[in-house]
Amino acid sequence: MELNVTTLEGKDAGKVSLSDAIFGLDPREDILARMIRYQLANKRQGTHKTKTRAEVSRTGAKMYKQKGTGRARHHSARAPQFRGGGKAHGPVVRSHAHDLPKKVRALALRHALSAKLKSEDLIIVDQLTAAEAKTKALVGNFATLGLTNALVIGGAEIDSNFKLAAANIPNIDVLPVQGINVYDILRRGKLVLSKAAVEALEERFK
């Protein structure tokens with residue numbers, strides 16, 4: 001299929017041919033959901049921790065004598081039922097990461113790209129460059145293209161002026177093509193690909 005190419009200024013820059021194997025799939029929500037769960041699980045620090053009864057700082061002496069008080073037979077004030085005691089079955093430091101087959105991850109990226117094209121939220125620009133690192137000028141360019149919430153994917157190297165100019169714009173993310181991922185694609189409204197990014201993606205999925 002063919003898609004129109006535009007410049008950052010909103011001018012026509014010809015057409016580009018897109019591979020049906022990458023951009024022409026019928027998006028499957030179950031695969032996208034699995035991939036997002038995989039990415040978010042990997043991002044979790046897993047440093048949550050509570051102290052058990054073995055770790056709380058409290059006396060280990062028996063609270064009161066075993067018999068003759070008419071009360072329950074408690075031993076340690078560190079037990080979970082007491083205020084200041086340890087936590088029973090609390091969270092421990094661990095990794096939340098889990099495996100997902102490489103082929104499923106690759107398929108999820110193609111489905112995410114196809115979903116953006118199907119919803120008409122995919123824009124192809126000829127190149128992502130800026131004459132100078134001026135945020136105001138780039139905001140004007142994005143307004144021309146109707147971009148208020150977007151993920152911008154460039155080639156292997158992002159133009160330094162463009163990257164600096166876009167850094168202060170809210171809801172705009174800029175990544176090199178190596179960093180493209182399903183979560184960032186779906187969390188932003190529009191997906192902007194440079195021609196270099198399209199070529200790199202088609203080379204990647206040959």
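Residues numbered from 1 in each chain as written. Predicted model: local features only at pLDDT ≥ 70, side-chain atom pairs only at ≥ 80, totals over all residues. Heavy atoms only, no water.

Trainee: What's the story with the environment of N168 in this structure? I'm lost.
Mentor: Of note, N168 is situated in the loop between α5 (160-166) and β5 (172-175). In this structure N168 comes out as exposed when scored by relative accessible area, which is 63%. For the pair N168 and T144, spaced 24 residues apart in sequence, the C-alpha to C-alpha distance is 18 Å. (Helix = DSSP H or I, 4+ residues; strand = E, 2+ residues; numbered from the N terminus. Buried < 20%, exposed > 50% of the residue type's maximum accessible area, 1.4 Å probe, protein only.)

Trainee: Sorry if this is basic, but what is going on with the side chain of S194 here?
Mentor: Its place among the elements puts S194 in strand β6 (residues 190-194). Judged by relative accessible area, S194 falls into the buried class, the value being 3%. Residues contacting S194, with those up to four places away along its chain left out, are V125, L128, I153, G154 and G155. (Contact = heavy atoms within 4.5 Å.)

Trainee: Is there a simple way to explain unusual backbone geometry in this structure?
Mentor: Glycine aside, residues mostly have negative phi, and peptide bonds are mostly found in the trans state. With phi around 55°, H89 is a residue other than glycine that occupies positive phi space. The residue H89 is located in the loop between α2 (29-43) and α3 (102-118) in this model. A residue is classified by how much of its surface remains accessible, and H89, at 83% relative accessible area, is exposed. With a phi angle near 65°, N171 is a residue other than glycine that sits in the positive phi range.

Trainee: Got a minute to help me understand helix α4 (residues 135-145) in this structure?
Mentor: Turning to α4, its buried residues are L138, N141, F142 and L145. All buried residues of α4 project into a common sector of 95° when viewed along the axis, lining one side. Counted as exposed and oriented over 90 degrees from the buried face of α4: K136, A143 and T144. Each element contacted by the buried residues of α4 is listed here: β1 (2-6), β3 (122-125), β4 (150-153), α5 and β5. The first or second residue beyond α4 is G146, which carries a positive phi of 75°. (Arc of directions from axis to C-beta.)

Trainee: Is there a simple way to think about the pattern of salt bridges in this case?
Mentor: When the charged atoms of two side chains with opposite charge come close together, those side chains can pair. Here the structure, examined in full by the defined rule, presents eight salt bridges. For the salt bridge of R28 with D30, the shortest nitrogen-to-oxygen distance reads 2.6 Å. Note that E203 and K206 form a salt bridge whose closest N and O atoms lie 3.2 Å from each other. Judged by relative accessible area, K206 falls into the exposed class, the value being 79%. A cluster of three or more residues bridged by salt bridges with shared partners is formed by D173, D184, R187 and R188. (Salt bridge = Lys/Arg side-chain N within 4 Å of Asp/Glu carboxyl O.)

Trainee: So what exactly am I meant to see when it comes to the sheet that holds β1 here?
Mentor: Working definition: the strands of a sheet are paired by backbone hydrogen bonds and lie parallel or antiparallel to each other. Ordered by their spatial adjacency, six strands build an open sheet running β2-β1-β3-β6-β4-β5, and the pairing between neighbours is mixed. Bordering the open sheet on either side are β2 (12-17) and β5, each of which pairs with just one other strand. Between one strand axis and the next, the sheet turns by 30° as a mean value, whatever way the strands run. (Pairing = 2+ DSSP bridges. Axes fitted to C-alpha atoms, helices over the stretch in contact; angles between N-to-C directions.)

Trainee: Sorry if this is basic, but what is going on with the pairing of β2 here?
Mentor: For a regular strand, side chains alternate in direction, first toward one face of the sheet and then toward the other. Sheet topology places β1 next to β2; four bridges connect them, and they run antiparallel. Following the sheet pairing, L3 is matched in β2 by V16. In sequence, β1 turns back onto β2 through a hairpin of five residues, with G10 there showing a positive phi of about 90°.

Trainee: When you look at the confidence of the model for the chain in this model, what are you seeing that I'm missing?
Mentor: Atomic detail in the predicted coordinates should be set aside for any region of low pLDDT. Here the chain shows a mean pLDDT of 93. Residues at 70 or above account for 100%. The secondary-structure element of the chain with the lowest mean pLDDT is β2, recorded at 87, while α2 shows the highest, at 97. (pLDDT = per-residue confidence, 0-100.)

Trainee: I'm lost on the packing of aromatic side chains in this one. Help?
Mentor: Two numbers describe a pair of aromatic rings. These are the distance of the centres and the angle of the planes. Under the counting rule described, the total for this entry stands at one aromatic pair. Seen from their ring centres, F142 and F162 are 6.3 Å apart, and the 75° between their planes marks the pair as edge-to-face. Here the residue F142 occupies a position in helix α4, and F162 occupies one in helix α5, the gap between them amounting to 20 residues. Using a relative accessible area of 3% as the deciding quantity, one classes F142 as buried. (Phe/Tyr/Trp six-rings, centres within 6.5 Å; stacked < 30°, edge-to-face > 60°.)

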